[in-house]
Amino acid sequence: MEQWMTLRGSPAGEPTDEVFDRITDAVFALDDEWRFTFLNEHAEGLLESDEAALLGENVWDVFPAAAESTFRDEYERARETGESVSFEAYYDPLSTWFSVRAYPSETGLSVYFRDVSGRKRRDRALREAYEIASDADRSFDERVGELLALVRGTLDLAEGVLSRVDGDTYTPEAVSSADGDGPAVGESVPLDETLCARVLAADGAMTVADAADGPTAYVGTPVYADGEQYGTFCFYGGAPRPDGFSEWEVTFVELLGNWVSSELQRRRTIDRLTALDEVNAVVRDINGTLVEQSTRADIERVVCERLAASDSYEFAWLGVVDEHSGEVVPSTAVRADEYLADVTVSAAPDEDRGRGPAGRALRTGEVHISRDIETDADFAPWRDHARERGVRSAAAVPVGTDGAEYGVLNLYSTRRDAFGEQERAVVAQLGEITGLAIAAVEHEREVEHKRERLEFINRFLRHNLLNGLNLVTVRSDLLARSVDDPDAADHVEVIRERVDDMAGLIDTMRTFMDAVIEGSATAASRSPSARCSTGSSRSRARATPRRRSAPATSPTPGRACSRTSSSARC
């Protein structure tokens, strides 16, 4: 480096000007009075001045903005210490960052410098991108918008877009436009009309320096979620780029595209965990509430209300198959009336409206879902109506237990790709719990009906047959007192004995039926509703008035207890 410390001479006697002109850095020399004594061609270009105009001129007079700046401080320090200095500084009049090395000598100062504005701009862009991406106080949408603006400005392009691609449809989800005239958020266009189609086909970053049939310049990269292409992170417009995009520019776009992919995946994971936690809470709530319900309609209402009230689901309804039409008709619906007024659902496999989640769930007895109604061809009959209500995914859950089928529970969410494996398992469990609860109240209703029949028979035996036998007993007593014939007396005694036997039989039947009635009440309290709370020991005791059994002995109206039977009659 000693050969650059002086302007006098050069290795092998080469002329000094020729040596300096071969240096890739810009170079100028100052004498001990700060006057220019030399500039090479690169220096003329960076300083935007000719050597002839600067030679002999004082540097601080020609560039007054540098006189009170880091440049003068560092140059003077080099002169005072006799040691070289290196620094970077921004010169505002030229809008340029310079990297400078200054070497003092006995005759003045030799300055080597280069334009590092590009590197500074890149460093600043990376720093700003990091600050934006790591700012947890801003929402994902806010950060994406700011990153689009940052990259667009750094690359000097007109538009920046984060898109979502559904099949053959391209939809901008976030846009940053230099003139505010960019694509509208949410306004879909055919994918094949965009350069993004080529990015997705290539499954990697792509650039276009000067497209003949599209934006004058374009750079874009795919973004992913759940291991599948989600859309693109792309920038375009502005002046043609004859030299294309630099490796750093493409890498910058790829880097931030990767961040978007990671954030999309993180948001989906959080949404799923939140939904899973929420649906578990709903199931626990429903679980505890179902055992308090006394009718099937109450159970269906509680389930649909709790689900529709959660943040995870937009609306819910429970449907059963109409035996005559084969359509799935709603038995209970919450926040779904408008939607159901516009749609028809069938259970028939040979109909378009029977191949959706509800029809398949009814036929298979398994949960069926549409994780993205936009791309699910089987959901086409209901897509427009669901989209109007913000629905992005749907699930149909069979409701039943032990071979008994009670219909299908239909859930709708505004979350795209909802109902992952864990969430699906939870809603399947909810279908089983609901089926158990319905089975319980149906069982209780059947038991109650049988108990009422037994009580009727019991009352019939008590009031009709026993009263008739009492009458026979009274009349036989009267007959015995009024007839002196011994044979007649023997007949009366036989009548009395047979009446006592009949009364004893009836009393035994009454005692048996009382025990059956008490047993049915106990069975009702131990019905399947006690099993509705999975993993819980909770059970429901049905409040049933206790009926007293017939006393062992009781006086018979109009007659004392039988002489030949200990059975009492009332």
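Residues numbered from 1 in each chain as written. Predicted model: local features only at pLDDT ≥ 70, side-chain atom pairs only at ≥ 80, totals over all residues. Heavy atoms only, no water.

A. Quick peek at the environment of glycine 237. Inspection of the secondary structure assignment puts glycine 237 in the loop between β11 (228-236) and α9 (247-290). Relative accessible area serves as the criterion here: at 11%, glycine 237 is assigned to the buried category. Sequence separation of glycine 237 and alanine 217 is 20 residues, and the distance between their C-alpha atoms is 5.4 Å. (Helix = DSSP H or I, 4+ residues; strand = E, 2+ residues; numbered from the N terminus. Buried < 20%, exposed > 50% of the residue type's maximum accessible area, 1.4 Å probe, protein only.)

B. Representation of empty space enclosed by the protein in the model. For the structure shown, the criterion picks out 2 cavities of 30 Å³ or more. As for the largest cavity, its lining consists of 13 residues, of which Phe28, Leu47, Ala66, Phe71 and Tyr75 are closest to the centre. Of all elements in the fold, only α4 (59-62), α5 (70-81) and β4 (96-105) reach the threshold of two or more residues within the lining of the largest cavity. Here the lining of the largest cavity is built from residues that sort into 13 nonpolar, no polar and no charged. By volume, the second largest cavity is sized at about 90 Å³. When contributions to the lining of the second largest cavity are tallied by element, the ones reaching two or more residues are α12 (357-364), β15 (393-401) and β16 (404-413). When residues of the lining of the second largest cavity are assigned to their parent elements, the largest contribution, 3 residues, is made by β15. For the lining of the second largest cavity, the per-class residue count stands at 10 nonpolar, 2 polar and no charged. (1 Å grid on protein atoms, 1.4 Å probe; cavity = no way out; pocket = protein on both sides within 12 Å on 5 of 7 lines; lining within 4 Å. Points joined across faces, edges and corners; volume = space filled by probe spheres on them. Nonpolar A, V, L, I, M, F, W, Y, C, P; charged D, E, K, R; others polar.)

C. Spotlight on the nonpolar core. Residues Leu290, Leu307, Leu409 and Leu411 are the most contacted members of the largest nonpolar core, which totals 34 residues. Considering each element in turn, this core owes the most residues, 8 residues, to helix α14 (residues 421-482). Residues Ile132, Ala133, Phe140 and Leu148 belong to the second largest nonpolar core, which totals 29 residues. (Core = buried A, V, L, I, M, F, W, Y, C linked by side-chain atoms within 4.5 Å.)

D. Molecular detail of the packing of aromatic side chains. Going through the model one piece at a time under the given rule, you end up with 22 aromatic pairs. Between phenylalanine 233 and phenylalanine 235, the aromatic rings sit 5.0 Å apart at their centres with planes inclined by 90 degrees, giving edge-to-face as the arrangement. Across this residue pair, the class does not change: phenylalanine 233 and phenylalanine 235 are buried. Put simply, the rings of Phe28, Trp34, Phe36, Trp60, Phe63, Phe71, Tyr75, Phe87, Tyr91, Phe98 and Phe113 touch in pairs and so form one group of aromatic residues. In this arrangement the basic side chain of arginine 122 is found over the ring face of tryptophan 248, its NZ or CZ atom lying 5.8 Å from the centre. (Phe/Tyr/Trp six-rings, centres within 6.5 Å; stacked < 30°, edge-to-face > 60°. Lys NZ or Arg CZ within 6 Å of the ring centre and 35° of its normal.)

E. Inspection of the side chain of serine 346 at higher detail. Mapped onto the secondary structure, serine 346 falls in the loop between α11 (337-342) and α12. In this structure the side chain of serine 346 is engaged in a polar contact, spanning 3.2 Å, whose partner is the side chain of glutamate 351. In contact with serine 346, not counting residues within four places along its chain, are Gly326, Glu327, Val328, Glu351, Arg353, Gly354 and Gly359. (Polar contact = N/O pair within 3.5 Å; in protein donor to acceptor, adjacent residues only side chain to side chain. Contact = heavy atoms within 4.5 Å.)

F. Inspection of the pairing of β4 at higher detail. One ladder, built from 7 bridges, connects strand β3 (residues 85-91) with β4; its direction is antiparallel. Among the inter-strand pairings, alanine 89 is bridged to a residue of β4, identified as phenylalanine 98. What sits between β3 and β4 in their antiparallel hairpin is a turn of 4 residues, with serine 95 showing a positive phi close to 50 degrees. In the sheet, β4 pairs with strand β5 (residues 108-115) via 8 bridges, with the strands oriented antiparallel. Its bridge partner being in β5, tyrosine 103 is matched across the sheet by serine 110. Count of turn residues in the β4/β5 antiparallel hairpin: 2 residues. (Pairing = 2+ DSSP bridges.)

G. Examining the pairing of β5 more closely. Counting buried residues in β5 gives 6 out of 8 residues, a clear majority hidden from the surface. Note that strand β1 (residues 26-31) and β5 share 6 bridges and pair antiparallel. Paired with aspartate 31 across the two strands is glycine 108, which belongs to β5.

H. Structural view of the sheet that holds β5. If you trace the 5 strands from one edge of the open sheet to the other, you get β2-β1-β5-β4-β3, paired in antiparallel fashion. Among the strands making up the open sheet, the edge pair consists of β2 (36-39) and β3. Between one strand axis and the next, the sheet turns through 25 degrees on average, direction left out of account. Contacts from α5 reach β1, β3, β4 and β5, with the element oriented near 160 degrees to β3. (Axes fitted to C-alpha atoms, helices over the stretch in contact; angles between N-to-C directions.)

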